[in-house]
Amino acid sequence: MAKNFSEMTWKEFDLAFMVTNPGCSAEYRTGDWRSQRPVADKSKCIKCGVCYLSCPDDAIRLAADGTYDFDYEHCKGCGICATECWTGCISMVEEEK
Ligand code: SF4
Ligand code: SF4
């Protein structure tokens, strides 16, 4: 009889439970998961880079003017950048269909 999922150890999980190729999420359009998107008021941005350092999905890019742009192909809309931006220039807005 198969073991109950909650009784299994990590050694018993199927391969699908493991990340065998770190960073592979860049190959997928994870932005499709998003229900809200970050939008920045760049007039308030002091180019500190905190948003860039805080994004768990590496979905923020340095722009030519020293501010930062969002990579909406990969941003999942978690809102961490908006929480961590200490000048308050990032807002989360409802995703448009
Ligand atoms: S955290 Fe805010 S102020 Fe700092 S670079 Fe990002 S958007 Fe600009
Ligand atoms: S909402 Fe989350 S995933 Fe999107 S740019 Fe901000 S920190 Fe990154």
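Details of the structure are given in the entry above.
Since the model is a prediction, treat every value here as computed from it, not as a measurement.

Q: Lay out the nonpolar core in plain terms, naming residues and giving numbers.
A: Among the nonpolar cores identified, the biggest contains twelve residues, and these are C51, C55, A59, I60, Y68, F70, C75, C81, A82, C85, C89 and I90. Looking at this core, the elements with two or more residues in it are β3 (68-70) and α2 (80-84). When residues no more than four places from it in sequence are discounted, the contact partners of A59 are D69, F70, D71, H74 and C75.

Q: Tell me about the packing of aromatic side chains, and please be specific about residues and values.
A: One pass over the structure, following the stated rule, counts two aromatic pairs. Between F70 and Y72 the ring centres are 6.0 Å apart and the planes differ by 40°, which places this aromatic pair in the tilted class. Given a relative accessible area of 28%, Y72 falls into the partly exposed group. The positively charged end of R37 is found above the aromatic ring belonging to Y72, 4.1 Å away from the centroid.

Q: Tell me about unusual backbone geometry, and please be specific about residues and values.
A: Phi is positive for K47, close to 60°, though the residue is something other than glycine. For K47, a relative accessible area of 46% translates into the label partly exposed. With phi around 50°, D58 is a residue other than glycine that occupies positive phi space. Along the chain, D58 turns up in the loop between α1 (50-54) and β2 (60-62). Take D58: its relative accessible area is 47%, and that puts it in the partly exposed class.

Q: Describe the site of ligand 2, with residues and values.
A: Looking at ligand 2, there are 13 residues lining it, with C55, C75, C78, G79 and C81 nearest. Most atoms of ligand 2, that is more than half of them, are within 2 Å of grid points of the second largest cavity. Of the residues contributing to the shell around ligand 2, the split by class is nine nonpolar, two polar and two charged.

Q: Mind laying out the environment of R37, listing which residues take part and the relevant values?
A: Tracing the chain through its elements places R37 in strand β1 (residues 36-40). Judged by relative accessible area, R37 falls into the partly exposed class, the value being 24%. Side chain to side chain, R37 and E95 meet in a polar contact 2.8 Å long.

Q: Mind laying out the environment of S6, listing which residues take part and the relevant values?
A: Looking at the secondary structure, you find S6 in the segment before β1. The exposed category is assigned to S6, whose relative accessible area is 64%. For S6 and D32, which are 26 residues apart along the polypeptide, the C-alpha to C-alpha distance reads 30 Å.

Q: Mind laying out the site of ligand 1, listing which residues take part and the relevant values?
A: In the neighbourhood of ligand 1, the contacting residues comprise C45, I46, K47, C48, G49, V50, C51, Y68, C85, T87, C89 and I90. Judged by its atoms lying within 2 Å of the grid points, ligand 1 is housed in the largest cavity. Broken down by class, the residue content of the shell around ligand 1 amounts to nine nonpolar, two polar and one charged.

Calculation notes
- Think of each chain on its own: its residues are numbered from 1, step by step along the sequence as written.
- Both sets of labels track the order of writing: A upward for chains, 1 upward for ligands.
- Per-residue local features of the predicted model are confined to residues with pLDDT of at least 70, and side-chain atom pairs are confined, for both listing and counting, to 80 or more; whole-chain, interface and lining totals are unaffected and use all residues.
- To obtain the side-chain values, all non-hydrogen atoms of the structure were used and water was disregarded.
- Side-chain atoms within 4.5 Å link the members of a nonpolar core, which is a set of buried Ala, Val, Leu, Ile, Met, Phe, Trp, Tyr and Cys residues.
- For every residue, the accessible area obtained with a 1.4 Å probe (protein chains only) is divided by the maximum for its type, and the residue is called buried under 20%, exposed over 50%, and partly exposed between those limits.
- Helix numbers and strand numbers start at the N terminus; a helix is a DSSP run of H or I with at least 4 residues, a strand a run of E with at least 2.
- In what follows, residue pairs with any heavy atoms lying within 4.5 Å of each other are defined as contacts.
- Side-chain rings of Phe, Tyr and Trp (the six-membered ring for Trp) are treated as a pair once their centres are within 6.5 Å; stacked means planes under 30 degrees apart, edge-to-face means over 60, and tilted covers the remaining angles.
- We call a charge positioned over a ring when the NZ of a Lys or the CZ of an Arg lies within 6 Å of the ring centre and within 35 degrees of the ring normal.
- Note on definitions. A residue lies near a molecule or strand when any single heavy atom of the residue is within 4 Å of it.
- Note on definitions: the grid is 1 Å and covers protein atoms alone; a cavity is a set of points where a 1.4 Å probe fits but cannot get out; a pocket is an open set with protein on both sides within 12 Å along at least five of seven lines; lining residues have an atom within 4 Å of a point.
- For a cavity or pocket, the test is whether more than half of a molecule's atoms lie within 2 Å of its grid points; if they do, the molecule sits there.
- Under the scheme applied here, ten amino acids are nonpolar (Ala, Val, Leu, Ile, Met, Phe, Trp, Tyr, Cys and Pro), four are charged (Asp, Glu, Lys and Arg), and all others, including Gly, are polar.
- Between N or O atoms, a polar contact is any pair within 3.5 Å; within protein, one atom must be a potential hydrogen donor and the other a potential acceptor, and residues adjacent in sequence are included only when both atoms are from side chains.

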